[in-house]
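# Overview (structure and organization)
Residues per chain, in single letters:
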Amino acid sequence: MKTIQPHTSSRLDEVKHLRDIFNAQNSKELKVAFDALNASIEISEEDLEVQFNRYFIGPMEPIADPFASIYIDDPDVVMSKSTLHVRELYETMGFTYPLKNIIPDDHLGVELDAYYQLLYLEEAKEITYLSDLRHYFLHEHLSLWVPRFIARALEHSEHDSKAMTFILLQLKSLLIRETTTQGVTA
């Protein structure tokens, strides 16, 4: 039996790879992002896309929708209070993304991109004035819904998928590390 081990990577790389997985626009981008996270799981580009779509996109009802409002607000309402709140946070951050008005602001990939950009400013550029905002975003928004998203995906998966389980566990591990060590406010 092969042990699943992630590559050793930086904190920034981990956020980037997870962001790229959830923001992938086609099977090739998804496979590249997945391989960057962990090349030790053998899976074809097509199988990865099928499994990812079954878990998070559709066309059938996905196992776990990757939108914050579903877990924080009413799951039947689009552009709810939490979506508008996260949009305001993006404006405060100065964050813009090319898929605005195409993909809702509270999509996991968009939120991971915002978190990545804040972390990048701190770690790569040593710009720390947005650190409190990153901590707020982590503790008061991401931590409210991402654990529920992960739990739903893991609990309701009818078919075992090592690749999806690995992605979800990497996301869970990242969130735990960020909230318990790196993301702690002073």
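Here's what I pulled together on the structure shown here. This is a predicted model, so every value here is computed, not measured. (Residues numbered from 1 in each chain as written. Predicted model: local features only at pLDDT ≥ 70, side-chain atom pairs only at ≥ 80, totals over all residues. Heavy atoms only, no water.)

### Observations regarding the overall build of the protein chain
Looking only at helices and strands, one finds eight helices and zero strands in the protein chain. Residues counted as buried form 45% of the 186 residues belonging to the protein chain. Once local pairs closer than 6 in sequence are excluded, the contacts in the protein chain between residues at least 24 apart make up 64%. Here the protein chain has roughly 10,000 Å² of accessible surface; of this, 53% comes from carbon and sulfur atoms. (Helix = DSSP H or I, 4+ residues; strand = E, 2+ residues; numbered from the N terminus. Buried < 20%, exposed > 50% of the residue type's maximum accessible area, 1.4 Å probe, protein only. Contact = heavy atoms within 4.5 Å. Areas by Shrake-Rupley, 256 points an atom, 1.4 Å probe, with all protein chains shown as cover.)

### Some thoughts on the nonpolar core
Among the nonpolar cores identified, the biggest contains 53 residues, and Phe22 and Phe149 are the most heavily contacted of them. At the level of elements, α1 (11-23), α2 (27-37), α3 (45-56), α4 (68-72), α5 (81-93), α6 (108-123), α7 (131-155) and α8 (162-182) are the ones that each hand at least two residues to this core. Take this core: its biggest share by element is nine residues, from α7. Discounting residues that sit within four places of it in the chain, phenylalanine 149 has contacts with Phe22, Phe56, Ala64, Asp65, Pro66, Tyr71, Leu108, Leu168 and Leu171. (Core = buried A, V, L, I, M, F, W, Y, C linked by side-chain atoms within 4.5 Å.)

### Here we look at the packing of α1 against α2
Contact pair α1 / α2: the axes reach a minimum separation of 8 Å and the direction vectors enclose 155°. Comparing their axes, α2 and α1 come out roughly antiparallel. The handedness of the crossing between α1 and α2 is left-handed. In contact with His17, Leu18, Asp20, Ile21 and Asn23 of α1, α2 contributes Glu29, Leu30, Ala33, Phe34, Ala36 and Leu37. (Axes fitted to C-alpha atoms, helices over the stretch in contact; angles between N-to-C directions. Parallel < 35°, antiparallel > 145°, perpendicular 65-115°, else oblique. Left-handed = near helix turned anticlockwise from the far one by under 90°.)

### Observations concerning the environment of leucine 171
The topology assignment puts leucine 171 in helix α8. The spatial distance from the C-alpha of leucine 171 to the C-alpha of arginine 19 is 9.7 Å, given a sequence separation of 152 residues. Setting aside its immediate chain neighbours within four residues, leucine 171 contacts Leu18, Phe22, Leu108, Leu112, Val146, Phe149 and Ile150.

### Observations concerning the packing of aromatic side chains
Applying the stated criterion to the full structure yields 12 aromatic pairs. An aromatic cluster of at least three residues, connected via ring pairs, comprises Phe22, Phe52, Tyr55, Phe56, Tyr71, Trp145 and Phe149. Looking at arginine 19, its charged tip hangs above the ring of tyrosine 116, at a distance of 4.7 Å from the centre. (Phe/Tyr/Trp six-rings, centres within 6.5 Å; stacked < 30°, edge-to-face > 60°. Lys NZ or Arg CZ within 6 Å of the ring centre and 35° of its normal.)

### A closer look at the side chain of aspartate 113
Here aspartate 113 shows up in helix α6. With sequence-adjacent residues up to four places away left out, aspartate 113 is seen in contact with Arg19, Asn23 and Phe95.

### Notes on the packing of α1 against α6
Packed helix pairs are characterised by how far apart their axes lie and by the angle those axes make with each other. Interhelical geometry of α1 versus α6 gives an angle of 155° and a closest axis separation of 8 Å. Taken together, the axes of α1 and α6 are roughly antiparallel relative to one another. Crossing handedness for the pair α1 and α6: left-handed. Across the interface between the two elements, Arg11, Leu12, Val15, Lys16, Leu18, Arg19, Phe22 and Asn23 from α1 touch Leu108, Gly109, Val110, Leu112, Asp113, Tyr115, Tyr116, Leu119, Tyr120 and Glu123 from α6. Considered class by class, the residues forming the contact of α1 with α6 number 11 nonpolar, two polar and five charged. (Nonpolar A, V, L, I, M, F, W, Y, C, P; charged D, E, K, R; others polar.)

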